[in-house]
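So you can see what is in the structure, the chains are spelled out below.
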Amino acid sequence: MPDLSINFAGIKSPNPFWLASAPPTNSGYQVMKAFDAGWGGAVWKTLGVPIINVSSRYGSVNYRDTRMAGFNNIELITDRPLVDNLKEIEEVKKYFPDHAVIASLMVETKEQWHQIIKDVENAGADGIELNFGCPHGMCERGMGSAVGQEPAVLKTIVEWVMEVAQIPVITKLTPNISHIVDPGLAAVQGGTDALSLINTIKSIVGIDLDTYAPYPVVDGKGTNGGYCGPAVKPIALEMLKNLAQHPDIKSTPISGIGGIETWRDVVEFILLGASSVQVCTAVMHYGFGIVREMQSGLEEFMREKGYNNIYDFLGKALPNVTEWKHLNLKHKVVAEIDKDKCVGCDLCYIACDDGAHQAIRIPTENGNRIPEIIEENCVGCNLCSLVCPVENCISMVQKDDGSKHLTWAEETDAGNIPTTFNDDRAGGKHHFVPTVQDALKHRK
Amino acid sequence: MSEYKRPTSEAEFESNFAQKKPLMNPTEAYFESSRCLYCYDAPCIQACPTGIDIPLFIKQIHTGNLTGSARTIFESNWLGNACGKICPTGVLCEGACVYNHQDVPPIQIGRLQNYATNHAMKKNINLFSPGEDNGRKVAIIGSGPAGIACACELRTMGYAVDIYEAKEKPTGLTLYGIAAYKITNEEVLDELEYLKNQLNLNFICNHPIQTEADIAKLEANYDAIFLGVGIGPTASLGMEGEDLPHVVGAVEFIEDVRMKHHEMTVPKKVVVIGGGNTAMDAASQSARLGAETVTLAYRRGKESMGAYGFEYKLAISAGVDSLFNAQPVSIHSNGVRFIKTQATNGKLEYISGSEFDVEADLVIKATGQAKHGSFLNKINNLNLDNKNRIIINDSFQCTNPKYFAGGDAVNGGAEVVNAAYDGKMAAIGIDKFINNTIVQ
């Protein structure tokens, strides 16, 4: 049986599955239920200054029949009294001494930071997460993402925290910034023990077409929310990679957050350098039980690959994420359609013809809807295989023999790059384009 | 009027007996699994006698964790593959699917289940291993689903298990008693082989346990004994003409179909007597074997039939005719004599002078099975109820504490899935008994 336990910057947890600081960690009741269901850790809903919440708080993006493919909220940090939260943290630790309880914090002054750190340490928290990410409401008061967007301010506050903290400190970053490395580096320079990302992304998920107000609507008005859920995963993975590859950051443990719902998501985050993962939207959708699928899948993956613990494959994909200029220009793939599996929807044809590179034709014989690849036109873009609704029907087949390797960087170094469009070495010079007559053949 | 031609080859047999729940292809499984809502405290789980975590295994299929999915299934039900195919899912898990409430077709749970278990079986993925030998021995009488489930569970706990089977091949009714369009012989035996390889199950076939001496020997050699003996052959109706050569029991008829396939022949005119699921199976299979007319005769009205609605519909769609309120009186060389009946306040009355004849070259009695009462009575202190069903407690223990029982021998005749559950639970009871932790 693979060992799922982790030691994350000194925070021990029976598995890497943590609840993110959010509504699912609003109370001891929820956190205990979650631990009982199989979660290894929980980052408590952010404790801080007194706030008032609005009614109507969440909005979602439904994609076809999938509810909450994207999700946003305008809820603030906890509105429950600090003393109640501290009491419940203490209680949870009594029942679950081996699970990780991390207190998310957000206050303003140095004195407030020092005081609240002492409070949560006294309550028995295993770690602290600094909420520098919340992109709605709290940032208007100079907290949350307002801090995360100013690396210098962020560094100062991390320093305040590190002056007194006796337990590991995780700095949670906002994705609402051009270069994630800047705040990441500032946090590391400020002395943080670990990082976590991403917090939610500024968003408007939709507009009510009758009241002309953005969702979630509060008495005819709305505001930007924080976007999360499956839709944000690609953004989170990219930012995680940027931190995990950075020479001055990569030795700092990172907790991955952003759209994690299945074991595959978990493995992807680990492969890009996250040694714990945090989940919120999937739990808000399906409840704590969702962790069983994650755990089972992670274990099967590890068994199949022969990994004993998650450190065996932590960051294993990082060396393969490079810059465009280092990609092999001599690699060539071409689409191949399995005619026996094809159902004749011809989505690949129209996607290619209208949306890409005109490399698929439909045979002219009456009634035949099975498309054919025009191999000499196919640039190997993948689009047809992505739109195909049938499993394993269109595959991308390698055509080069793998013996040649040439990159833009190498060509640049060798002074061998095209400088005019008329250069035979230029990529688009022999690009096939159909004629005007072809374009207008259906014109009435 | 039946529409099937008599099958003269295995290919024609397979066509007439096309599987009702064929294996899904990857595209089907992808789309179907994506539809599951992952309900909280899901009604489908509650409706499954073995309590399989259905939303979990479906999500595992969707995320490409087919091995994990199969593990989820087999951990709850040792006959996960057979049950996916032969369970009456329409009245169990799929009947409970919340989509039904909005007239959206329910998730095809049975077929998804097979998609996962088939993956594990075809790739021979080891999901289980025997527990460390604990030096204790258990005998299992009967290798049907209850016996197999009990044996598998005991093996994982480290017990040595011998399974005694009277017939030539194991798996009991799963192989011999299920309509051929629900599961193939190969599928039944593949699952058995798969379990056998992982858990080293020891079957002792062609070895009926019948006499006091047989029983004494088992009692002397084993720490506990599990009775998974099922129920017996078709019961006698005590009717004139019942012993004529063209009269057979439904259980025996179904077994013949399973074993002989296209080499089995049925004459032109078949009458099936009974209104339960076994009657439906016998009638449906007669039609698929090419009988010209198949008449299903039931002594009460349609609404009183014990068969599931979908089983009745399946028989009708195969071309079976039905005859209600007809009580057989006697069987003759060329047919059956019936008398018309009517039910007054639930009590069946015969309408005098209403006798009529239905022509038949073959009469199939699907009117219940005899119990193994005479065998069971040879075991000391083993109490049976008034229907000759074995009495057990919450731990599946019999009144003779060395014996445990489950499946049809206890419930009088139910589904394979019920037997699979009983067998597993009885194993847990046996373990408690042997470790002296049973609560009386």
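Residues numbered from 1 in each chain as written. Chains lettered and ligands numbered in written order. Predicted model: local features only at pLDDT ≥ 70, side-chain atom pairs only at ≥ 80, totals over all residues. Heavy atoms only, no water.

Remarks on the pattern of salt bridges
And step 1. Counted by the stated rule, this structure contains 31 salt bridges over all chains.
And step 2. In this structure, K241(A) engages E238(A) in a salt bridge whose closest nitrogen and oxygen atoms are separated by 3.8 Å. Placement of both K241(A) and E238(A) in helix 7 (residues 233-245) is noted, with a separation of three residues, approximately one turn of the helix.
And step 3. With a relative accessible area of 14%, K241(A) lands in the buried category.
And step 4. Of the residues examined, E238(A) reaches a relative accessible area of 39% and is grouped as partly exposed.
And step 5. A salt bridge links R71(B) to E300(A), with the nearest nitrogen and oxygen atoms 2.6 Å apart. With R71(B) in helix 5 (residues 66-76) and E300(A) in helix 10 (residues 291-305), the pair connects residues from two separate chains. (Salt bridge = Lys/Arg side-chain N within 4 Å of Asp/Glu carboxyl O. Helix = DSSP H or I, 4+ residues; strand = E, 2+ residues; numbered from the N terminus. Buried < 20%, exposed > 50% of the residue type's maximum accessible area, 1.4 Å probe, protein only.)

What about the environment of N53(A)?
Residue and element names in this part refer to chain A.
And step 1. Structurally, the position occupied by N53 is in the loop between strand 4 (41-48) and strand 5 (58-63).
And step 2. For N53, a relative accessible area of 15% corresponds to the buried category.
And step 3. Once the C-alpha coordinates of N53 and T78 are considered, the two residues, 25 residues apart in sequence, prove to be 8.9 Å apart.
And step 4. Setting aside residues no more than four positions away along its own chain, N53 makes contact with I74, E75, L76, I77 and D79.
And step 5. A polar atom in the side chain of N53 sits 2.8 Å from the backbone nitrogen of L76.
And step 6. For N53, the side chain forms a polar contact with the side chain of D79, separated by 3.3 Å. (Contact = heavy atoms within 4.5 Å. Polar contact = N/O pair within 3.5 Å; in protein donor to acceptor, adjacent residues only side chain to side chain.)

Examining the interface of chain A and chain B
And step 1. Counting residues at the interface gives 17 residues for chain A and 16 residues for chain B.
And step 2. Taking both sides of the interface into account, the surface hidden between chain A and chain B amounts to around 1400 Å²; carbon and sulfur atoms contribute 50%.
And step 3. Considering only the surface of chain A that becomes buried against chain B, E293(A), E300(A) and E391(A) emerge as the three largest contributors, covering 35% of it.
And step 4. Viewed at the interface, chain B and chain A are joined by three salt bridges.
And step 5. The closest approach of N and O atoms between R292(A) and D53(B), which form a salt bridge, is 2.1 Å.
And step 6. For the interface between chain A and chain B, the tally reads ten residue pairs in polar contact (both at pLDDT 80 or more).
And step 7. Elements that contribute at least two residues to the side of chain A that touches chain B include exactly helix 8 (263-271) and helix 10 of chain A.
And step 8. Tallying contributions element by element places helix 10 of chain A first for the side of chain A that touches chain B, with six residues.
And step 9. For the side of chain A that touches chain B, the class distribution of residues is five nonpolar, five polar and seven charged. (Buried area = accessible area lost by both parts, 1.4 Å probe. Nonpolar A, V, L, I, M, F, W, Y, C, P; charged D, E, K, R; others polar.)

Re the packing of aromatic side chains
And step 1. Inspection of every chain in the model, using the stated rule, returns 20 aromatic pairs over all chains.
And step 2. Ring geometry for F396(B) against Y421(B): centres 6.5 Å apart, planes inclined by 70 degrees, an arrangement best described as edge-to-face. Taken as a pair, F396(B) in the loop between helix 16 (373-376) and strand 14 (403-405) and Y421(B) in helix 18 (residues 416-434) lie far apart in primary sequence, 25 residues in all.
And step 3. Judged by relative accessible area, F396(B) falls into the buried class, the value being 12%.
And step 4. In this structure Y421(B) comes out as partly exposed when scored by relative accessible area, which is 32%.
And step 5. Here a set of aromatic residues connected by ring pairs shows up, and it is made of W263(A), F301(A), Y307(A) and F313(A).
And step 6. Between K59(B) and the ring centre of Y286(A), over which it is positioned, the NZ or CZ distance is 4.8 Å.
And step 7. One Lys or Arg, R288(B), reaches over the ring of Y181(B) and ends 4.4 Å from the middle of that ring. (Phe/Tyr/Trp six-rings, centres within 6.5 Å; stacked < 30°, edge-to-face > 60°. Lys NZ or Arg CZ within 6 Å of the ring centre and 35° of its normal.)

Section: the pairing of strand 4 of chain A
Residue and element names in this part refer to chain A.
And step 1. Counting buried positions along strand 4 yields seven of eight residues, so the element is predominantly enclosed.
And step 2. Note: strand 3 (residues 17-19) against strand 4, two bridges, orientation parallel. Within strand 4, the residue paired with W18 across the bridge is G41.
And step 3. Where strand 4 meets strand 7 (residues 100-106), six bridges bridge the pair, whose relative direction is parallel. Note on strand 7: the bridge partner recorded for G48 is M106. (Pairing = 2+ DSSP bridges.)

What to know about the environment of N122(A)
And step 1. Relative to the elements of secondary structure, N122(A) occurs in helix 3 (residues 110-123).
And step 2. Distance in space between the C-alpha atoms of N122(A) and E90(A) is 8.4 Å, their sequence separation being 32 residues.

A closer look at the side chain of K85(B)
And step 1. Within the secondary structure, K85(B) is located in helix 6 (residues 80-86).
And step 2. Ignoring sequence-local partners within four residues, the contact set of K85(B) consists of Q19(B), K21(B), N114(B), K182(B), I183(B) and E187(B).

Observations concerning the confidence of the model for chain B
And step 1. On average, residues of chain B score 94 in pLDDT, and 99% of them are at 70 or above.
And step 2. Of the two predicted TM-score estimates for the complex, the pTM is 0.91 and the ipTM is 0.88. (pLDDT = per-residue confidence, 0-100.)

Looking at the sheet that holds strand 12 (residues 225-228) of chain A
Residue and element names in this part refer to chain A.
And step 1. Strands sit in the order 5-6-12-11 across an open sheet of four strands; the sheet is antiparallel. The open sheet has two edge strands with one neighbour each: strand 5 and strand 11 (201-203). The mean inter-strand angle of the sheet, taken between neighbouring strand axes irrespective of direction, is 45 degrees. (Axes fitted to C-alpha atoms, helices over the stretch in contact; angles between N-to-C directions.)

Things to note about the sheet that holds strand 3 of chain A
All names here are of chain A.
And step 1. Within the closed barrel, the eight strands sit side by side as 3-4-7-8-9-10-13-14. Their pairing is parallel. Strand-to-strand, the axes of this sheet are offset by a mean angle of 25 degrees, without reference to chain direction.
And step 2. The sheet contact formed by strand 8 (residues 127-131) and strand 9 (residues 169-172) spans four bridges and is parallel. Its bridge partner lying in strand 9, I128 is registered against V169.
And step 3. Those strands touched by helix 8 are strand 3, strand 13 (254-257) and strand 14 (274-279), and its axis lies near 140 degrees from that of strand 14.

Digging into helix 10 of chain A
And step 1. Taking 1.5 Å as the rise per residue, helix 10 of chain A with 15 residues should run 21 Å; its terminal C-alpha atoms sit 21 Å apart, in good agreement.
And step 2. Those residues of helix 10 of chain A that fall on the buried side of the exposure criterion are V291(A), E293(A), M294(A), S296(A), G297(A), L298(A), E299(A), E300(A), F301(A) and M302(A).
And step 3. Those residues of helix 10 of chain A that are buried lie in contact with strand 3, helix 1 (28-37), helix 8 and strand 14 of chain A together with helix 4 (54-62) and helix 5 of chain B. (Expected span 1.5 Å × (residues − 1).)

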